[in-house]
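Okay, here's what each chain looks like letter by letter:
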Amino acid sequence: FNDHMTFLLRVTFHDDIIKKAFLQLFEKYASKEDYTSLLALSIILIHNGNYKKAVNAFTDFLGAIEKSGDFQQHISNFLILLMARKQFHLAHQLFENDRYQLKEKIKPVFFALMKLMHEEHPKEFKRMGAEVGETVDEVLAKINALKTA
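Presented here is a report on the structure given in the accompanying data block. (Residues numbered from 1 in each chain as written. Predicted model: local features only at pLDDT ≥ 70, side-chain atom pairs only at ≥ 80, totals over all residues. Heavy atoms only, no water.)

A short note on helix α10 (residues 133-146)
Quick reminder: α-helices carry 3.6 residues per turn. Residues three or four places apart thus point the same way. Across its 14 residues, α10 extends 20 Å between first and last C-alpha, which sits within 8% of the 20 Å expected from 1.5 Å per residue. Where α10 is concerned, the buried positions are Gly133, Val136, Val139, Leu140, Ile143 and Leu146. Projected down its long axis, α10 shows its buried positions confined to an angular sector of 140°, all on one face. (Helix = DSSP H or I, 4+ residues; strand = E, 2+ residues; numbered from the N terminus. Expected span 1.5 Å × (residues − 1). Buried < 20%, exposed > 50% of the residue type's maximum accessible area, 1.4 Å probe, protein only. Arc of directions from axis to C-beta.)

Printed below as a string of structure tokens:
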């Protein structure tokens, strides 16, 4: 799902008319019972610049996906996209929500965010263990690649 969605967005989301059409479609048909439609809606909202709505849709997604085994990859991809759009504070709010324990579940993404927010959270990045350092670099590379998408 993530690879297909990323391809679709890269191909189509340079056209504002198509972006708005996708948004209207997913706002109409996204279902709280279908976590993939909630994830798609949250990603489409980011591409339309509706960051707070994207986080709200993503919070609904988190509630729906808790029972699924796809939890970590989908969440990582969403947060990486949010960070590529320089929405660091919104990403940080999601990590601060204790219900989902994202700091523990996706440590490399959290520490990538802390590296990007090092001026505001200088001690957090220093707590990173050496075992996740290479993965954090990979996350930062994905963020940089998505800045232009």
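Thoughts on the nonpolar core
If you look at the biggest cluster of nonpolar residues, it comprises 47 residues, and the most contacted ones within it are Phe61, Ile75, Phe78, Leu79, Leu94 and Leu102. Those elements that place two or more of their residues in this core are α2 (16-29), α3 (35-47), α4 (51-65), α5 (71-84), α6 (88-96), α8 (107-116) and α10. If one sorts the elements of this core by residue count, α5 sits on top with 9 residues. Sequence-distant contacts of Leu102, defined by excluding residues within four places in its chain, comprise Phe71, Ile75, Leu79, Leu94, Phe95 and Lys107. (Core = buried A, V, L, I, M, F, W, Y, C linked by side-chain atoms within 4.5 Å. Contact = heavy atoms within 4.5 Å.)

Remarks on the packing of α6 against α8
Contact geometry of α6 with α8 gives a least axis separation of 11 Å together with a crossing angle of 140°. Between α6 and α8, the angle is such that the two are oblique. With respect to the hand of their crossing, α6 and α8 are arranged in left-handed fashion. The residues of α8 that touch α6, namely those facing Phe88, Ala91, His92 and Phe95, are Val109, Phe110, Leu113, Met114 and Leu116. In terms of residue class, the contact of α6 with α8 is made up of 8 nonpolar, 1 polar and no charged. (Axes fitted to C-alpha atoms, helices over the stretch in contact; angles between N-to-C directions. Parallel < 35°, antiparallel > 145°, perpendicular 65-115°, else oblique. Left-handed = near helix turned anticlockwise from the far one by under 90°. Nonpolar A, V, L, I, M, F, W, Y, C, P; charged D, E, K, R; others polar.)

Overview of α5
The terminal C-alpha atoms of α5 lie 20 Å apart, and with 14 residues this matches the ideal 20 Å at 1.5 Å per residue to within 8%. For α5, the complete set of buried residues consists of Phe71, His74, Ile75, Ser76, Phe78, Leu79, Ile80, Leu81, Leu82, Met83 and Ala84. The first or second residue beyond α5 is Lys86, which carries a positive phi of 60°.

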